[in-house]
Each structure stands twice: as C-alpha cells, then as structure tokens.
Amino acid sequence: EKLLSNINTFLEVNKNEVLILEFEINDYSLADLFLAIKASGLGRYAHVPSIYTSDNYQWPTMQTLIDADDRLLLLAHGDGIQ
C-alpha cells in the first residue's frame, strides 16, 4: 500500500506522465490488490476501458490518456485471475 501511495504522489506531481503497472495475481491476491489501489487513491487515475472485449478495443493514445487524466494502466496476469 505504501508503494501505491508513492505512485499516487508521483502521478499528482507529474501531470504529463502515464504509468503502466503489471501485477502477478496468485490465489486470492486480486481482492487485496483492489483494496490497496482504493486505499492509495490510485483508482482515480486508472484507465477503465469502455469496451471489455480485447478483439474490438481500440487503446487510446498517450495524449488521450493524459487529457482524460486516466494516466494509469493496470495489467494483471496469473493463477488468481478468474
């Protein structure tokens, strides 16, 4: 949670930066990750795709993410993804 709070501070200070974070999810750690993101305040910067099918989704440009203040891309993989 401390690390995520530091990332939140970085995004607050650096308004033209986009971060991509990738997490490995094991067992029940996905719920813990969601809680930590919420507690750190990072959720307000997270880009949430409007279309969830990867075949049709058009990723925004970096400038579009910056303009929308959606400057955090969260990616996850692992056995805990269901």
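Residues numbered from 1 in each chain as written. Predicted model: local features only at pLDDT ≥ 70, side-chain atom pairs only at ≥ 80, totals over all residues. Heavy atoms only, no water.

**Section: the side chain of Asn-8**
Heads up, the rule is: Under the DSSP-based scheme used, a helix requires at least four consecutive residues in state H or I and a strand at least two consecutive residues in state E, with every element numbered from the N terminus. The buried label goes to any residue with under 20% of its type's maximum accessible area, the exposed label to any with over 50%, and the partly exposed label to all in between, with areas taken from a 1.4 Å probe on protein chains only. Definition of a polar contact: a pair of N or O atoms within 3.5 Å, with one able to donate and the other able to accept a hydrogen when the atoms are protein atoms, and with sequence-neighbouring residues admitted only if both atoms are side-chain atoms. Residue contacts are counted whenever heavy atoms from the two residues lie within 4.5 Å of one another.
As for its position among the elements, Asn-8 is in helix α1 (residues 2-13). With a relative accessible area of 7%, Asn-8 lands in the buried category. A distance of 3.4 Å separates a polar atom in the side chain of Asn-8 from a polar atom in the side chain of Arg-44. Contact partners of Asn-8, with chain neighbours within four places excluded, come to Ser-40, Gly-41, Leu-42, Arg-44 and Tyr-45.

**Notes on the environment of Ala-36**
Within the element layout of this structure, Ala-36 appears in helix α2 (residues 29-40). Owing to a relative accessible area of 14%, Ala-36 belongs among the buried residues under this scheme. Taking the C-alpha atoms as reference points, Ala-36 and Lys-2, separated by 34 residues in sequence, lie 8.9 Å from one another. Look past the residues within four positions of Ala-36 in its chain and what remains in contact with it is Glu-1 and Leu-4.

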